[in-house]
Structure formats: structure tokens, C-alpha cells
Amino acid sequence: MNKVAYGLILGGILGIFDGLTSWFTPEVRSQLLTIVVGSTIKGIVAGVLIGFFARKVNSLPLGILFGLSVGLLLAFFVAHMQHGYYFEIMLPGGLVGLIVGYATQKYGSSGHSTPSRV
Amino acid sequence: MNWLSDEAISRLQAASALPDFAGTRYRLVERVGSGGMGVVYLGEDTVLRRRVALKILDFPDASGELAARLLREAHILARLEHPGIVPVHDAGTLADGRVFYAMKFVEGRRLDHLDAGKDTLFDRLRIFQRICDTVAFAHARGVLHRDLKPENVMVGSFGEVLVMDWGVAKILGSNPENHSAGPRDENAAPAGDPSLAATLETAHGAVLGTIGYMSPEQARGEIENLDARSDVFSMGAILQYLLMNLVVIPARPLSAIARKAMATDREGRYISAIAMGQDIACYLDGRPVSAYPENTLRKIARWAFRYRVAIVLVLTYLVVRALLLLWFRR
């Protein structure tokens, strides 16, 4: 699996879980579906961006830093639209970016063509 | 009168036994081993200035049959141009009438000299896949090896895997008597074995191969019945050998692959070396193996193992997220 696809899938899965955890916040429980869809899209976008970065830059520290930044940035936009919950949204968002950044640097193929095995 | 010492006499005897390469482009360096019907020497190609392996007939051959077989072996190797098969550079006849051929000198170690501590299961399976590729190529060219065993596989210094000693190879769809490239080697099925003695007398000719690695039909001397599945049997025995002496216990699917390849009834074996190699690839990729039917629990376990990294990452996220939730609620 290439790094972009790996980032997309992992970002999507973590995004789903990220959205589902809003069930534990009673004030927003009624908007659970919207939150799950939104955080899934956020996770996918973050995963694809981080995956592309991992394909271009082969560095674990930079990958983690980039993942964290993208995760935090996207979560900031979401929190900004919500007019609040910055800490509650940005912290898990950053965590998703950090994990995807780590995973795409460590795993997944670079996507470049390789000579066939003889 | 001065007497020659025993040591001097043995040196003279050894020197006189060495083949004379005068008049050829090769210079003898040292003896490196013996094969099915000849001795292999390390030599030097004086024109291209490179090291070569020189295989020379080393048996009395009044009829010329062995010489023809050695040449046939060279011809078979020459038609099998593949990275997994040692290339033949030249063939000819020495001044004393002995036939020889020159091939690439391969440095490395034999498969039976693998290090149980160093060579992991993954390394061994990668090597085995290369063997599958090479044998499949030979089969596609209509050649059966008939003596596949760990001693006949070399692993080079740079990881290259070479299937050696095609001395008893058989060209498919041809007269078996005429096209077996040579007699069995020193480790091959012993002619004195009572269980095989009868087969040696059959109209089909000699039993060629090595006990423990040759298929039942090959051991029975049914030369006309041999096909790719006979080599598949030998490859199953090689796989079984590779699964021994490991630090970890090999997984059941791998043992199942070896068992399927070594089925007594050849109808139960893999149809080709490619099919066997594909099952090994499936195992390495964490996909289901055709030789090993799975129940639901095993399917789940295999799936979890295949995606273990992603699962661990998701679990890590969930744990950290749970901790964050608890923290927010304080």
C-alpha cells in the first residue's frame, strides 16, 4: 500500500473514532452524525496531505512534525467554525495527525515504480 | 640414491592428475569440488581475465557417452538463460581428449550451510521464492532438474540464488534415455539400495536423483511419468529442510505448503513451481494459503496480524483519547 493510501485509510479510521468520542460530551451528542462525518473528512484530508509529504520527505521527525501541524491546523479551523471547544477539538486532531505522520513515515511504499523481481 | 618422500610422491600424483589446459584460454587455479560426473576447478580466463568454474569429465569414458552427457549438460545450461541459473561461457575438449565446459564462478554458500541463528524464516522464504522462479523458468523451457536439494542451491554473497548441478536434468517430451544429462552424483540414490535395485533394472533406465528429495515416481524409475510435479516434490522437501533448525517454530500454513508439495499422489501436489511460489507469496503477504484451509478464528488472527501496525496505532489513539476525555471531565 502506498503512503498516500495508507495515510488516507488511517486518517479516515482515526477520524471516525475521533468523531464518535463526541458521544461522551452530552452537549453535542445530538449532532453526533454531523461530527463523525466532519471529523472523518478532516482525518482523510489530513491523511492524504501527510501521505503526500511522506512520499516526498523521508524523515521521521519531520513527518511527525508535519502530521502534528496539519492535524492541529485542520482541527483549529473546525474549532473556529464551532466558536469554541478549541482544546477539546485541537488536541485529538493533533494526535490523529501525529499518529498518521509517524505511520506514513514508517510504513507504506513510496509509490515509485520498482524493478520487478528476477 | 635419493628416495622421494611420500609427500613428494603424492604431490607428483596430484599434479599428474590435474587436467592440462595447454592450448586453451584457461589457466587452472585450484580444485573446488566434484559434481555428478566431473570435477569442478577454479580457473582463470586468460583472455578476459576473469575467474571461471571449469567442469571437466573425471571418469574413464571409453564409449564417449559420459562426454556426450557432459556436453548435453552444458547445452541445457546454455538454453536456460536466467539469473537463477549459472551461465555457461564456453565448452570444448582438452588435449587429452577430456570434455570440459566453463561457467561463471559462483562465490557464496550452499543452502545446506545456512546459519540457523542468522538466517531468519523470512530470509529463507525469500530464497525459496527465488528457487521457485528459477525452477518455473526451467519448466517453461521444457527442462526438469530432477535433483533439486539444498546442496544444489547456492546463495551468493549479494543475495543471488542459483540452482546448480543440472547434470541429471531431463528435457520434457523427449526420449528419457537420450536426454538425461548424466548419471547420479555421489549423494544420489545408491545403486546398492535393495529397494531401488529392481527399478535400476527396469526398461526405463537408472534411478536419478537423491533419496529424501526425489518424488516417489522418480524413485520408482518411471521416467516417462515425470513432469513438473516431480520437481515440485523436491521443492517441498527443500522447503521442509528450510523450516527446520529455526529459532521460531514455523507457522502451520508453511508446513501445509511443504506437505502439499510432497504429496505421495502427484495429483495432490501443486501443479507447478509457480503455484507453489504463489502460496509462499500469499503467506508472506498475510493472505490465505491454498494448502491450508482456515476456520473463522484463524482468518481473524491472520487479518489482525497482517494489519497489526494499524491496529496498534488505532488502539494507541483510543487509549490516549480516553485519557483526554477523563482529563476534560475533571
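Residues numbered from 1 in each chain as written. Chains lettered and ligands numbered in written order. Predicted model: local features only at pLDDT ≥ 70, side-chain atom pairs only at ≥ 80, totals over all residues.

*Asks:* Mind showing me how you'd approach the overall build of chain B here?
*Replies:* A count of helical and extended segments in chain B gives 11 helices and 10 strands. Per-residue burial over chain B gives 36% buried out of 330 residues. A fraction of 56% describes how many contacts in chain B between residues 6 or more apart in sequence connect residues 24 or more apart. (Helix = DSSP H or I, 4+ residues; strand = E, 2+ residues; numbered from the N terminus. Buried ≥ 20, exposed ≤ 12 C-beta atoms within 10 Å, placed from the backbone. Contact = placed C-beta atoms within 7 Å.)

*Asks:* I tried to follow the overall build of chain A on my own but got confused; where do I start?
*Replies:* Of regular secondary structure, chain A possesses 4 helices and 0 strands. Counting from the amino terminus, chain A carries its helices and strands in the arrangement α-α-α-α. With the C-alpha coordinates of chain A rotated into their principal frame, the extents come out at 60 × 25 × 20 Å. Residue burial in chain A is summarised as follows: out of 118 residues, 47% are buried.

*Asks:* Sorry if this is basic, but what is going on with the environment of Ala304 of chain B here?
*Replies:* All names here are of chain B. Following the sequence through the fold, Ala304 ends up in helix α10 (residues 296-306). When the 11 C-beta atoms within 10 Å are taken as the criterion, Ala304 is described as exposed. Taking the C-alpha atoms as reference, Ala304 lies 36 Å from Tyr213; in sequence the two are 91 residues apart.

*Asks:* What's the story with the pairing of strand β3 (residues 50-57) of chain B in this structure? I'm lost.
*Replies:* Both faces of the sheet carry side chains from a regular strand, because those side chains alternate between them. Residues and elements named next belong to chain B. Judged by how many residues are buried, β3 sits mostly within the fold: 6 of 8 residues are covered. Sheet analysis places strand β2 (residues 38-45) next to β3, joined by 8 bridges and oriented antiparallel. Within β3, the position partnered with Leu42 by the bridge is Ala53. Two successive antiparallel strands, β2 and β3, enclose a turn made up of 4 residues, where Arg49 displays a positive phi of approximately 55 degrees. Direction of pairing for β3 relative to strand β5 (residues 99-104): antiparallel, over a ladder of 5 bridges. From the neighbouring strand, Val52 faces β5, where its bridge partner is Lys104. (Pairing = 2+ DSSP bridges.)

*Asks:* What should I look at first to understand the interface of chain A and chain B in this one?
*Replies:* The parts lose accessible area when they come together, and the size of an interface is often stated as this lost area. Contacts between the two partners involve 15 residues from chain A and, on the opposite side, 13 residues from chain B. Where the side of chain A that touches chain B is concerned, the elements lending two or more residues are α1 (3-20) and α4 (86-106) of chain A. Of all the elements, α4 of chain A adds the most residues to the side of chain A that touches chain B, at 7 residues. Class assignment of the residues belonging to the side of chain A that touches chain B gives a composition of 13 nonpolar, 1 polar and 1 charged. (Nonpolar A, V, L, I, M, F, W, Y, C, P; charged D, E, K, R; others polar.)

*Asks:* I tried to follow the sheet that holds strand β6 (residues 108-110) of chain B on my own but got confused; where do I start?
*Replies:* Backbone-to-backbone hydrogen bonds pair the strands of a sheet. The strands run either parallel or antiparallel. All names here are of chain B. Spatially, 3 strands are ordered β6-β8-β9 in an open sheet, and the strand pairing comes out antiparallel. Each edge of the open sheet is held by one strand with a lone partner, namely β6 and β9 (161-163). Strand-to-strand twist of the sheet, defined as the mean angle between neighbouring strand axes without regard to direction, takes the value 25 degrees. Relative to β9, strand β8 (residues 153-156) is paired through 3 bridges, and the arrangement is antiparallel. Considered in β9, the bridge of Val155 is made with Val161. (Axes fitted to C-alpha atoms, helices over the stretch in contact; angles between N-to-C directions.)

*Asks:* Explain the sheet that holds β2 of chain B here, please?
*Replies:* Residues and elements named next belong to chain B. The 5 strands are arranged β1-β2-β3-β5-β4 in an open sheet whose pairing can be described as antiparallel. Strands at the two margins of the open sheet, each flanked by one partner only, are β1 (26-34) and β4 (88-93). The average angle at which neighbouring strand axes cross in this sheet is 25 degrees, direction not considered. As defined by bridge partners, β4 adjoins β5 across 5 bridges and the pair is classed as antiparallel. Across the sheet, Ala91 pairs through a bridge with Tyr101, a residue of β5.

*Asks:* I tried to follow α1 of chain A on my own but got confused; where do I start?
*Replies:* Residues that lie three or four places apart on an α-helix share one face, since the helix turns once every 3.6 residues. With 18 residues, α1 of chain A should reach 26 Å at 1.5 Å per residue; the first-to-last C-alpha distance of 25 Å fits that figure. Summarising burial for α1 of chain A: 14 of the 18 residues are buried, a large majority. (Expected span 1.5 Å × (residues − 1).)

*Asks:* Can you walk me through the packing of α1 of chain A against α4 of chain A in this structure?
*Replies:* Two measures define how a pair of helices packs: the angle their axes make with one another and the distance between the axes. Residue and element names in this part refer to chain A. Where α1 meets α4, the axes come as close as 10 Å, and the angle between the chain directions of the two elements is 155 degrees. Relative to α4, the element α1 is oriented roughly antiparallel. Between α1 and α4 lies a crossing whose hand is right-handed. Within the contact between the two elements, α1 uses Lys3, Tyr6, Gly7, Leu10, Gly11, Leu14, Gly15 and Asp18 and α4 uses Pro92, Val96, Ile99, Val100, Ala103 and Thr104. Each residue belonging to the contact of α1 with α4 can be placed in one class, and the counts come to 8 nonpolar, 4 polar and 2 charged. (Parallel < 35°, antiparallel > 145°, perpendicular 65-115°, else oblique. Left-handed = near helix turned anticlockwise from the far one by under 90°.)

*Asks:* Would you take a moment to explain the confidence of the model for chain A for this structure?
*Replies:* Segments scoring low in pLDDT should not have their predicted coordinates read at a detailed level. Per-residue pLDDT for chain A has a mean of 85; in total, 93% of the residues score no lower than 70. Residue range residues 113-118 of chain A is modelled with pLDDT below 50. Its contacts to residues more than four positions away, or to other chains, number 1 contact. (pLDDT = per-residue confidence, 0-100.)

*Asks:* Help me understand the packing of helix α8 (residues 252-261) of chain B against helix α9 (residues 273-284) of chain B in this model?
*Replies:* Residues and elements named next belong to chain B. For the pair α8 and α9, interaxial distance at closest approach is 10 Å and the crossing angle is 175 degrees. Here α9 runs roughly antiparallel to α8, going by the angle between their axes. Packed against α8, whose contacting residues are Pro253, Leu254, Ile257 and Ala261, the element α9 presents Met276, Asp279, Ile280 and Tyr283 at the interface. Looking at the contact of α8 with α9, its residues break down into 7 nonpolar, no polar and 1 charged.

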